[in-house]
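Remarks on the overall topology
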Amino acid sequence: MDQNQSHDQSPHPRPVPPPSPEVAARARERLAGLATPAGALGRVGEVGAWLAAVQGEVPPRPLTDVRLVVFAGDHGVAAHGVSAYPPAVTEAMVRTIVAGRAGVSALAREHGVTVTVLDIAVDADLADLPAEVGARKVRRGSGPIHLTDALTRAEAEQSLALGAEVARELVDDGAEVLMTGDLGIGNTTPAAALVAAVLGLPADEVTGRGTGVDDAGWARKRDVVAQALTRVGGRAADPVELLTALGSADLAATTGFLVEASTAGVPVVLDGLMSVACAVVAEAIAPGASAWWVAGHRSTEPAQAHALKSLGLEPLLDLGMRLGEGSGAVAALPVLRSGIAVLRDVALLSDIMP
């Protein structure tokens, strides 16, 4: 293990304190005192109380500045039959998000979310796009994880640091809630491998169908994950080594983003498998960080369910979504806003009873 990390993304655990227990208790007290039957608001009330705790005030403030960052990158495993779509789709979808025409673009417009897409490791030249899209590019694509490391350790560290930098910039610019999105053909394979490595699960239990592979494609994907896990062995104990071996630059950047957001005390709405796989690694780097996250939705990928259970997170939505891009996180935003509304605007029983 490298003892001379030059930046904050050290493999040594750095615990993150939770949202204020005192404010959380006051928020739960207010929730219990509303002019509604006890527990009648269910998860809506719970998420409102959680937002009060992370904001540090009761009732919580309305959410007016919500930012989604889509970290885009290609994956070497995509050339090995693990996806129903060719790698060229990654570039096409980055361009579609920039044009505001992707699935997440429509949802974000509807719910007032600002979307940024960043080319971290797309295997294409996107120099014709706005400069900020490619300003932090680490490399083109990543190594096929069953055959070789995805990154060099220096690239993993660079990616962690740039993800943290992106989160810091957004927080400094006034973001009240952050969301993580992903884009990259083949990315459910390294994400599943990361979850398996951290939680000690076999490939069979974490491998899903991603964009919709058939039975033969699923078997190939499972075998790639199993081979990758065998290749990496004990290196998985160090989160930076884990990202080097089994991740990618975009997944490492997402991990750094999650660590920094929780360290800064800003809530994050997680999306599907990629977001939650990175969250498992981020929790290993910064124990307690998960107290600052909420799971937007349950995806159809089995690895996501295992990862959420390990983090103690229950998704707000279960709609059968598997798009990625941050779409499930954005779709969950009205639930967060509803939680705030009830804590702010519902009368207290003590105020209406004689």
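Now for a quick tour of the structure.

Backbone-to-backbone hydrogen bonds pair the strands of a sheet. The strands run either parallel or antiparallel. Sheet architecture is open: 5 strands sit in the order β2-β1-β3-β4-β5, paired in parallel fashion. The open sheet has two edge strands with one neighbour each: β2 (113-121) and β5 (293-295). Pairwise comparison of adjacent strand axes, ignoring direction, gives a mean angle of 25 degrees for this sheet. Here strand β1 (residues 66-73) runs beside strand β3 (residues 177-183); their pairing, made up of 7 bridges, is parallel. The residue bridging Ala72 from the neighbouring strand is Leu183, located in β3.

Moving on, we come to the pattern of salt bridges. In total, this model carries 22 salt bridges according to the counting rule given. Taking the shortest distance from any N to any O, the salt bridge between Arg153 and Glu157 comes out at 3.2 Å. Of this pair, Arg153 and Glu157 are both found in helix α6 (residues 153-172), 4 residues apart, which corresponds to roughly one turn of the helix. With a relative accessible area of 15%, Glu157 lands in the buried category. For Arg168, the salt bridge goes to Glu260, with nearest N and O atoms at 3.3 Å. Of this pair, Arg168 sits in helix α6 while Glu260 sits in helix α11 (residues 249-263), placing them 92 residues apart in sequence.

The full count for this structure, using the stated rule, is 1 aromatic pair. Judged by centre distance (5.5 Å) and plane angle (75 degrees), the rings of Phe71 and Phe257 are edge-to-face. One end of the pair, Phe71, is in strand β1; the other, Phe257, is in helix α11, with 186 residues separating them in the sequence. Comparing Phe71 with Phe257, the two get one shared label, buried.

This brings us to helix α4 (residues 103-111). For α4, the full list of buried residues reads Val104, Ser105, Ala108 and His111. Down the axis of α4, the buried side of the element spans an arc of 145 degrees, and every buried residue falls inside it. In α4, the exposed positions that point more than 90 degrees away from the buried face belong to Arg109 and Glu110. In this fold, the buried residues of α4 make contact with β1, α3 (88-98), β2 and α14 (327-345). Downstream of α4 by a residue or two, Gly112 has a phi angle that is positive, lying close to 70 degrees.

Conventions we followed
- Sequence order sets the numbering: in each chain, residues are counted from 1 along the sequence as written.
- Whole-chain, interface and lining totals are the exception, using all residues; otherwise, since this is a predicted model, local features are given only for residues with pLDDT of at least 70 and side-chain atom pairs are given and counted only at 80 or more.
- Excluding hydrogens and water, the side-chain figures rest on all heavy atoms present in the structure.
- Here the rule is simple: two strands pair whenever DSSP picks up at least two bridges between them.
- For the purposes of this entry, the term helix denotes a DSSP run of H or I that reaches at least four residues, the term strand denotes a run of E that reaches at least two, and both are numbered from the N terminus.
- A fitted line through C-alpha atoms serves as each axis, taken over the contacting stretch for helices, and the angle formed by two N-to-C directions is quoted from 0 to 180°.
- Salt bridge, as used here, is a side-chain nitrogen of Lys or Arg placed within 4 Å of a carboxyl oxygen of Asp or Glu.
- Note on classification: 1.4 Å probe, protein chains only; a residue is buried when its accessible area is under 20% of the maximum for its type, exposed when over 50%, partly exposed between these limits.
- Two rings belonging to Phe, Tyr or Trp (six-membered ring only in the last case) form a pair when the distance between their centres is within 6.5 Å. Interplanar angles under 30 degrees mark stacking, angles over 60 mark edge-to-face geometry, and anything in between is tilted.
- In this context, the arc is that of the directions from the helix axis out to the C-beta atoms.
- In what follows, residue pairs with any heavy atoms lying within 4.5 Å of each other are defined as contacts.

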